[in-house]
Amino acid sequence: MSLFSWQERPASALQGAGVIGPDERLPWPQTMAMGLQHVVAMFGATVLAPILMGFDPNLAIFMSGIGTLIFYFITGGKVPSYLGSSFAFIGVVIAATAYAGSGPNPQLGVALGGIIACGLLYLLIGVVVQAVGTGWVERLMPPVVTGSVVAVIGLNLASIPIKNMASSNFDSWMQAVTFICVGLVAVFTKGMVQRLLILVGLGLASLIYLVLANGMGMGKPMDFSGIINAAWLGLPKFTAPVFEANAMLLIAPVALILVAENLGHIKAVTAMTGRNLDPYIGRAFIGDGIATMVSGSAGGTGVTTYAENIGVMAATRIYSTAVFVVAALVALVLGFSPKFGALIQAIPLPVMGGVSIVVFGLITIAGAKIWVDNKVDFTNPANLITAAITLVLGTGDFTLKFGSFALGGIGTATFGAILLHALLRRRH
C-alpha cells in the first residue's frame, strides 16, 4: 500500500462507535476538520516551549509542520503522531545559553548546535532499535525510570514561570488568575472547549489582563503595535546553528528523554488501536531524530511526538495518519504569517507564566501516570530509591561538573535514574 492509498470510511463513523485506523481515512472535509483540531491541540505547548527558550514561536510552528511530514514519510504513514516543540530541551537550553528569560535568545545558534547533536544521537538510537528491536531500551528504561524522568521535566522547570515570569505583585496575581481560568475551563466545560482548555484559558486570562492593565492601569499595558504593523505573509526568520562542544554535550542526552516519550506514546497508540506498531518504533525514532536535526538547522526547537494529540485521538477514536498530514500543512501556512507570530508575542508574560504553571504540572502528573498505568511496585526498594532520588535531583537542579562541562538537573536525573535502577536491580 502506498503512502496515500488509504481505505475510506464513511462520514457517519464520526458519530458512530467505529475506530478509524491509521491506514484508513474519512472523507476529506471531515479529515480537514480533524486536522484543524490537532493543530489547536498542539498549539499551546508548541508555542510556549520556544517562548521559554527565547526561540521564534512562529518558526517553531512552521518546523513542527515540517517535522510531522518527515515523521509521516519515514514511518510509511503507519504511526499517527504530531511532532511539536519538546519541553525536555528547556532546562538544558537555558543552562547552555544562560538565557535571561525574556525576548530573543542571544545565544540561539549555540542551542541549535546542541539540538542537532541531540537529533543525531536520537537517529543513531533509532537505527540500533530498527536493527535489534526495543528490548534493550525497555530494559534500560522501565516504567519506573521513564515515569521519573518525565515527572522531573515538569518539576525542574517549575521555577521558570514562578521566578522569571512575574516581575510585580500584579503579575503574580495574573498568573494565579490564568491557572484558575484554565482550571475552570477544564472542570466546567465539555466537548471541544474542554479539550482546548489551555487555549481557551489563555484567551480568558488575556481578556482579564487587558481590562485590568490597559483599562484600569494596574499593570504593563498589552502592546498591539506589533500585530498592526506585521505583514500577513512573509518568510520565517531562519537562524544558523553554532557548534560548541559544551552545549552539544549538555543538550545531546535529551535524546534519552525523547526515546522514553516516543516509546510510551507508541505503546499507548498500540493499546488504543489494537494495531501492533512495534515494528515501526525504530523508524519512529529515526523520523523524530531527523525532524529534530532539520528543525535545529533552521532555528527551530527540538521536536517530539505529542501527548496532547494522542489525547485527541483517544477522545475521537480517529487514528488516521491523513489527519496529521492536514495538521502539518496548516502549521506550514501559519509559519508564513508574521502577523500570526506577532499575535503570539503580544500575549502578556504573566499570562504565559500562568499557563506554564499548568503545563509543567501536567507534565509532572504525566510521569506519575506512567507509574500508575504500569503498576510500578514501590514496595520494591530498587523502584522506591530510584524514583525518590531522581525526583529530588531534578527538582533541586543537582549539577555535576566535569572540567568546564556542567550536567544540570534534568541531565543528572535522567542518567541517575537509568544508572541507579540498573545498579539496584541487580542488588535486589
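Residues numbered from 1 in each chain as written. Predicted model: local features only at pLDDT ≥ 70, side-chain atom pairs only at ≥ 80, totals over all residues. Heavy atoms only, no water.

> Quick rundown of the nonpolar core? Include the residues and the values.
Core analysis: the largest hydrophobic core is formed by 96 residues, its most contacted members being Phe87, Phe89 and Ile90. With residues up to four places along the chain from it excluded, the contact list for Phe89 reads Met53, Ile115, Cys118, Ile251, Val254, Leu258, Thr292, Gly302 and Val303. Among the nonpolar cores identified, the runner-up in size contains nine residues, and Leu69, Tyr72, Ala298 and Val325 belong to it. (Core = buried A, V, L, I, M, F, W, Y, C linked by side-chain atoms within 4.5 Å. Buried < 20%, exposed > 50% of the residue type's maximum accessible area, 1.4 Å probe, protein only. Contact = heavy atoms within 4.5 Å.)

> Account for the packing of helix H4 (residues 108-132) against helix H14 (residues 281-298), naming residues and giving values.
Axis separation between H4 and H14 bottoms out at 7 Å; the angle between their running directions is 165°. As summarised for this structure, H4 and H14 are arranged roughly antiparallel, according to the angle between their axes. Relative to H14, H4 is oriented so that their crossing is left-handed. Touching Leu112, Ile115, Ile116, Gly119, Leu120, Tyr122, Leu123, Ile125, Gly126, Val127, Val129 and Gln130 of H4 are Ile281, Gly282, Arg283, Phe285, Ile286, Asp288, Gly289, Ile290, Thr292, Met293, Gly296 and Ser297, all from H14. A per-class count over the contact of H4 with H14 returns 14 nonpolar, eight polar and two charged. (Axes fitted to C-alpha atoms, helices over the stretch in contact; angles between N-to-C directions. Helix = DSSP H or I, 4+ residues; strand = E, 2+ residues; numbered from the N terminus. Parallel < 35°, antiparallel > 145°, perpendicular 65-115°, else oblique. Left-handed = near helix turned anticlockwise from the far one by under 90°. Nonpolar A, V, L, I, M, F, W, Y, C, P; charged D, E, K, R; others polar.)

> Provide a residue-level description of the packing of helix H1 (residues 28-53) against helix H3 (residues 90-97), including the pertinent values.
At a minimum axis separation of 9 Å, H1 and H3 run at an interaxial angle of 20°. As summarised for this structure, H1 and H3 are arranged roughly parallel, according to the angle between their axes. Read as a crossing pair, H1 and H3 show a hand that is right-handed. Residues Ala49, Leu52 and Met53 of H1 touch H3, and the partners they reach there are Ile90, Val93 and Ile94.

> An account of H3 is needed here, citing residue identities and associated values.
Buried within H3 are the following residues: Ile90, Gly91, Val92, Val93 and Thr97. Following H3 by one or two positions, Ala98 has its phi on the positive side, about 55°.

> Explain the environment of Gly367 to me, and be specific about the residues and the numbers.
One can find Gly367 in helix H18 (residues 349-373). Residue classification places Gly367 among the buried positions, given a relative accessible area of 0%. Not counting chain neighbours up to four residues away, the residues in contact with Gly367 comprise Gly147, Val150 and Ala151.

> Tell me what's going on with the packing of aromatic side chains, and back it up with residues and numbers.
With the rule as written, the count across this model stands at seven aromatic pairs. Centre to centre, the rings of Tyr72 and Phe73 are 5.3 Å apart; their planes meet at 85°, and the pair counts as edge-to-face. One aromatic cluster is present, built from ring pairs that chain together Phe62, Phe238 and Phe336. In this arrangement the basic side chain of Lys339 is found over the ring face of Trp232, its NZ or CZ atom lying 5.0 Å from the centre. (Phe/Tyr/Trp six-rings, centres within 6.5 Å; stacked < 30°, edge-to-face > 60°. Lys NZ or Arg CZ within 6 Å of the ring centre and 35° of its normal.)

> How would you sum up the side chain of Thr305? Please name residues and give values.
With respect to the helices, strands and loops of the structure, Thr305 is situated in strand E4 (residues 303-305). Not counting residues within four places of it along the chain, the set of residues in contact with Thr305 comprises Phe71, Ser81, Tyr82, Leu83, Glu261, Asn262, His265 and Asp288.

> Tell me about the pattern of salt bridges, and name the residues and values.
As a working rule, side chains carrying opposite charge can pair if their charged atoms are close by. Here the structure, examined in full by the defined rule, presents two salt bridges. Of the charged contacts in the structure, one is a salt bridge between Arg275 and Asp23, with a shortest N-O distance of 3.0 Å. In this pair, Arg275 is assigned in the loop between helix H13 (254-273) and H14 and Asp23 in the loop between strand E1 (7-8) and strand E2 (24-25), connecting sequence segments 252 residues apart. Judged by its relative accessible area of 32%, Arg275 falls in the partly exposed class. Its relative accessible area of 15% is what places Asp23 among the buried residues. Here Lys369 and Asp373 are joined by a salt bridge, their closest N and O atoms 2.7 Å apart. Placement of both Lys369 and Asp373 in helix H18 is noted, with a separation of four residues, approximately one turn of the helix. We classify Asp373 as partly exposed; its relative accessible area is 46%. (Salt bridge = Lys/Arg side-chain N within 4 Å of Asp/Glu carboxyl O.)

> So what's going on with the environment of Thr270? Residues and values would help.
The residue Thr270 is located in helix H13 in this model. Residue Thr270 is classed as buried on the basis of its relative accessible area of 18%. In sequence terms Thr270 and Met32 are 238 residues apart; their C-alpha atoms lie 24 Å from each other. A polar contact is formed between the side chain of Thr270 and the backbone nitrogen of Leu277, at a distance of 3.5 Å. (Polar contact = N/O pair within 3.5 Å; in protein donor to acceptor, adjacent residues only side chain to side chain.)

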